[in-house]
Amino acid sequence: MRINAACRAAGISYSKFMNGLKSAGMDLNRNVLADVALHDETGFRNLTELARSALAEKESARAVLQKA
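About the criteria used
Residues numbered from 1 in each chain as written. Predicted model: local features only at pLDDT ≥ 70, side-chain atom pairs only at ≥ 80, totals over all residues. Heavy atoms only, no water. Core = buried A, V, L, I, M, F, W, Y, C linked by side-chain atoms within 4.5 Å. Buried < 20%, exposed > 50% of the residue type's maximum accessible area, 1.4 Å probe, protein only. Helix = DSSP H or I, 4+ residues; strand = E, 2+ residues; numbered from the N terminus. Contact = heavy atoms within 4.5 Å. Arc of directions from axis to C-beta. Salt bridge = Lys/Arg side-chain N within 4 Å of Asp/Glu carboxyl O. Phe/Tyr/Trp six-rings, centres within 6.5 Å; stacked < 30°, edge-to-face > 60°. Polar contact = N/O pair within 3.5 Å; in protein donor to acceptor, adjacent residues only side chain to side chain.

(A) Representation of the nonpolar core in the model. Ranked by internal contacts, the top residues of the largest apolar core, which has 13 residues, are I3, C7, F17, L21, L33, F44 and L47. With four residues, helix α3 (residues 30–39) is the single largest residue contributor to this core. When near neighbours in sequence (up to four residues on either side) are disregarded, L47 contacts F17, L21, M26, L28, L33 and V36.

(B) Representation of helix α1 (residues 2–10) within the structure. Within α1 the residues assigned to the buried category are I3, A6, C7 and A10. Each buried residue of α1 lies within a common arc of 105 degrees when the element is viewed along its axis, so the set occupies one face. Those residues of α1 that are exposed and aimed more than 90 degrees away from the buried face are R8 and A9. Lining the buried residues of α1 we find α2 (14–23), α3 and α4 (41–67).

(C) Broad picture of the pattern of salt bridges. This structure, assessed with the given rule, holds one salt bridge. With a shortest N-O distance of 2.8 Å, R52 and E49 are connected by a salt bridge. Here E49 and R52 lie together in helix α4, a separation of three residues that amounts to about one turn. On the accessibility criterion, E49 (47% relative accessible area) is partly exposed.

(D) A look at the packing of aromatic side chains. Under the criterion given, the structure shown has one aromatic pair. Arranged with centres 5.0 Å apart and planes meeting at 40 degrees, the rings of F17 and F44 form a pair that is tilted. Of the two residues, F17 sits in helix α2 while F44 sits in helix α4, which places them 27 residues apart along the sequence. The exposure class of F44 is buried, given its relative accessible area of 3%.

(E) Representation of the side chain of S13. Mapped onto the elements, S13 comes out in the loop between α1 and α2. Polar side-chain contacts of S13 include one of 3.2 Å to the backbone nitrogen of K16. Here S13 is in contact with C7 and R8, once residues within four sequence places are set aside.

Encoded structure:
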């Protein structure tokens, strides 16, 4: 619940956040993410930006493949 609440506050859904972290190669378990969400707002925001960036890259690569 903490992760989901922090994701919503950062403007990203939980599923997109987790997918983005996976795409970025970040292997953090939910316990660690919940702790970061609770104790380090700036750190969690940085993780959400990383997730967004990885999702954007993934989408860009998908668009290039569809054009080929």
